[in-house]
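Listed here are the chains, written in short residue letters.
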Amino acid sequence: SLGEWTGRPCVLIDSMGQGREEDLLNADLTPTVGFFTAYLPLLVQGAGQRDLHSLARDVQRQRESRAHLLLQVARAMTDDAALARRLSEVPRAQVLLNYIGQRQELGVAGLDAALLAPAPEDAGPTHAPDGLRGHPLALKASVGADGLHLTFVYSGALHRRETILTLAQRCLTLLAQAALPPT
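Residues numbered from 1 in each chain as written. Predicted model: local features only at pLDDT ≥ 70, side-chain atom pairs only at ≥ 80, totals over all residues. Heavy atoms only, no water.

## Considerations on the overall build of the protein chain
Definition in use: A run of H or I in DSSP counts as a helix once it spans at least four residues, and a run of E counts as a strand once it spans at least two, with each numbered from the N terminus. Using a 1.4 Å probe on the protein chains alone, a residue whose accessible area is under 20% of its type maximum counts as buried, one over 50% counts as exposed, and one in between counts as partly exposed. Whether two residues touch is decided by their heavy atoms; if any such pair falls within 4.5 Å, the residues are in contact. Only the protein chains shown count as cover for residues, and the accessible areas themselves come from Shrake-Rupley with a 1.4 Å probe.
In terms of regular secondary structure, the protein chain is built from five helices and five strands. Secondary structure elements of the protein chain, listed N to C terminal, follow the sequence α-β-β-α-α-α-β-β-β-α. Counting all 183 residues of the protein chain, 22% fall into the buried class. A sequence separation of at least 24 residues applies to 58% of the contacts in the protein chain between residues at least 6 apart. When the accessible area of the protein chain is evaluated, it comes to approximately 13,300 Å², of which 58% is carbon and sulfur surface.

## Observations concerning the pattern of salt bridges
So the rule is basically this: Salt bridge criterion: a side-chain nitrogen from Lys or Arg within 4 Å of a carboxyl oxygen from Asp or Glu.
Counted under the stated rule, the structure contains one salt bridge. Where Arg 160 meets Glu 162, a salt bridge forms, and the shortest distance between an N and an O atom there is 3.8 Å. Using a relative accessible area of 57% as the deciding quantity, one classes Arg 160 as exposed.

## A few points about the side chain of Ser 155
Stated formally: Any pair of N or O atoms that falls within 3.5 Å is considered a polar contact. Within protein, one atom must be able to donate a hydrogen and the other to accept it, and sequence-neighbouring residues count only if both atoms are side-chain atoms.
Within the fold, Ser 155 resides in the loop between strand 5 (147–154) and helix 5 (161–179). At 3.1 Å, the side chain of Ser 155 forms a polar contact with the backbone nitrogen of Ala 157. Apart from the residues lying within four places of it in its own chain, the contact partners of Ser 155 are Arg 133 and Pro 136.

## Some details on the pairing of strand 4 (residues 137–144)
Put simply, the test is: When DSSP finds two or more bridges between a pair of strands, those strands are recorded as paired.
Most of strand 4 sits inside the fold, with six of its eight residues counted as buried. Here strand 3 (residues 95–102) pairs with strand 4 via seven bridges, running parallel. The partner of Gln 102 across the bridge, within strand 4, is Val 143. Strand direction decides the pairing type here: strand 4 and strand 5, joined by eight bridges, are antiparallel. Each residue of the ladder has a partner; that of Gly 144, found in strand 5, is Gly 147. Between strand 4 and the antiparallel strand that follows it, strand 5, lie two residues.

## With respect to the nonpolar core
Note the threshold: Only buried residues count toward a nonpolar core. Its members are Ala, Val, Leu, Ile, Met, Phe, Trp, Tyr and Cys residues joined through side-chain atoms within 4.5 Å.
Ranked by size, the top nonpolar core spans 16 residues in total, and within it Leu 2, Ile 13, Val 44, Val 95, Leu 137, Phe 152 and Leu 167 carry the most contacts. Of all the secondary structure elements, the ones that give two or more residues to this core are strand 1 (10–19), strand 2 (36–45), helix 2 (52–65), strand 4 and helix 5. Take this core: its biggest share by element is four residues, from helix 5. With residues up to four places along the chain from it excluded, the contact list for Ile 13 reads Leu 2, Leu 40, Pro 41, Leu 42, Val 44, Ala 93, Val 95 and Leu 97.

So yeah, pure geometry; function would need other evidence.
Written as structure tokens, this is what we have:
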């Protein structure tokens, strides 16, 4: 749906990874605390011209290549000014995909599950309304017991609400078509 929306055959998306990459250049991460957030650039080619299943396979291959780790480490750690300049010229994705994963029912033996359940109300904005965005458009996705949840995050200064609603509806239509058995 992004390819249709932009009118371009290729769309560059940053897929946000949260956690610890298992083989982060064979680095010893045992003395560290917390988790890492990494952006995996994904080039989605032929959107709107190919079926979603083949697009998904291509994206999965890109995710498994781990080449993005080298790009991020090089951007962050190079002392070579010429290399840093060339790396800064690599196009940045305008869309962020944050797939949070499957939300599990929280529960601990002996405790009422309602004490640890997610709050039913919206937590509110995670960014200041006048703050700069790293990506003009972000899509947050998660799967719960009641199905897939998608949230489109955008700036009203850049996009009209109607535009994002149209994009979201087209995205849902394509996902529903992909869920149907092949004919």
